[in-house]
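Residue-level structural notes
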Amino acid sequence: MSNTLAFYTLDVFTDTAFEGNPLAVVMDADGLSTPQMQRMASEFNLSETVFVCRARTMGADATARIFTPAYEMPFAGHPTVGTACLMAELGLVKGDTLVLDEQVGPVIVTLRSEAARPLFAQLTAAQAPEQRAWSGEPAVLAAVLGLSADDLGYGNERPREASCGAAFLLVPLRQPELLAGIVFDTARANALLKGGWSHGLYLYARGYDGSLRARMFAPGAGVPEDPATGSAAAALAGVLALDAAAAGEQGELAWTILQGVEMGRPSVLMAAATVSAGGVTAVRVGGHAVRVSEGRIRIPQ
């Protein structure tokens, strides 16, 4: 085994370099130990780094191990989308579909090319949407965000926890302008999330153009703020679809989620869900990815 490995960086959920969410992907990583992967992810110091290994299960194309600077994630959206686009560009994908083994199980990703634009990849969440009531104090949550308790909630929506493979505390805000005014208190956030199901706060509001606007904070993962969070977008789409199913709706639902604007890293996440009489049968998140750099990284001892 060489003492270096090839890596690539991409900007994900954007078709423009130096926007979206940066991602590092290390190829041919089978010989690395988990501590080595974690150390390399800390060196890249991006919200996530992916290590591509041989597939572990029949029918999968590769295994994707995903690390934040602090720990390994069972599933994440922008690493899945970015890795799929990269593998397709490198000629490692046959056809327009691939399957990535992740800790949540096999994640199916479909790819499409668009004229004069980078590749677009759409993942289907491996786990069905799950939600839990949040019993915390609104005033405490508002203090974490530098807002008032009256700013939390939209219509019948209130803060709740949700997951499609990674759990978040979803926080609806009454108007999109509040997102720009957030003054995030890391110490209070860590205390709020400590020992709980969720590892991050996903704040969202309805934009006046029909889109959803969002911000995500996960200080315990070594991610003070994330420019684009596909796993959180899946969780949000999942619970909005559950709401629709409870109201008797059926069919295909879709949302455009804008994130990263306040960070100067605008990102566009396309979320969708299928609702039938039996409930939510699929949750999908997609976006573009742009390759930015490539090189070799030394393997830590």
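Let me sum up the structure you'll find in this document.

Rules used throughout
Residues numbered from 1 in each chain as written. Predicted model: local features only at pLDDT ≥ 70, side-chain atom pairs only at ≥ 80, totals over all residues. Heavy atoms only, no water. Helix = DSSP H or I, 4+ residues; strand = E, 2+ residues; numbered from the N terminus. Rg over C-alpha atoms; globule rule 2.2 N^0.38 Å. Contact = heavy atoms within 4.5 Å. Lys, Arg positive; Asp, Glu negative; His and termini not counted. Charge placed at Lys NZ, Arg CZ, Asp CG, Glu CD. Buried < 20%, exposed > 50% of the residue type's maximum accessible area, 1.4 Å probe, protein only. Pairing = 2+ DSSP bridges. Right-handed = clockwise from strand over helix to strand, strands pointing away. Phe/Tyr/Trp six-rings, centres within 6.5 Å; stacked < 30°, edge-to-face > 60°. Lys NZ or Arg CZ within 6 Å of the ring centre and 35° of its normal.

Of the regular secondary structure elements, the chain holds six helices and 17 strands. Computed over C-alpha atoms, the radius of gyration of the chain comes to 19 Å, within 12% of the 19 Å expected from 2.2 N^0.38 for 301 residues, which places it in the range of a compact globule. Counting only C-alpha atoms, the chain reaches 55 × 45 × 35 Å along its principal axes. Within the chain, residue pairs in contact and separated by at least 24 positions form 63% of the contacts whose partners lie at least 6 positions apart. One way to put it: in the chain the 21 positive side-chain charges average out to a point 4 Å from where the 30 negative ones average out.

In this section: the pairing of strand β3 (residues 49-53). The element β3 is extensively covered by neighbouring structure, given that five of its five residues are classed as buried. On β3, burial covers both faces: Thr49, Phe51 and Cys53 on one face and Val50 and Val52 on the other are all buried. Here strand β2 (residues 21-26) runs beside β3; their pairing, made up of three bridges, is parallel. Bridge pairing in β3 links valine 26 to phenylalanine 51. Between the parallel pair β2 and β3, the chain is carried across by helix α1 (residues 34-44), and the sense of this crossover is right-handed. Bridge count between β3 and strand β4 (residues 62-67): five bridges; the pairing is antiparallel. Within the sheet, the bridge partner assigned to valine 50 lies in β4 and is isoleucine 66.

Attention shifts here to the packing of aromatic side chains. The geometry of an aromatic ring pair is captured by two quantities: the separation of the ring centres and the angle between the planes. Scanning the entire structure with this criterion turns up four aromatic pairs. Between the aromatic rings of phenylalanine 51 and phenylalanine 67, the centroid separation amounts to 5.6 Å while the plane-to-plane angle is 90 degrees, which identifies the pairing as edge-to-face. Placement of phenylalanine 51 in strand β3 and of phenylalanine 67 in strand β4 is noted, with a sequence separation of 16 residues between them. Just as phenylalanine 51 is buried, phenylalanine 67 falls in that class too. An angle of 55 degrees between the planes, with centres 6.5 Å apart, marks the rings of phenylalanine 168 and tyrosine 202 as tilted. Residue phenylalanine 168 is located in strand β11 (residues 167-172), and its partner tyrosine 202 is located in strand β12 (residues 201-206); the two are separated by 34 residues in the primary sequence. The ring of phenylalanine 120 carries arginine 112 above its face, with NZ or CZ at 3.9 Å from the centroid.

Tracing the sequence through the fold places leucine 147 in the loop between α3 (138-145) and β10 (160-163). Here leucine 147 falls in the buried class, since its relative accessible area comes to 16%. For the pair leucine 147 and glycine 181, spaced 34 residues apart in the sequence, the C-alpha separation amounts to 8.0 Å.

Nothing here speaks to function; it is geometry throughout.
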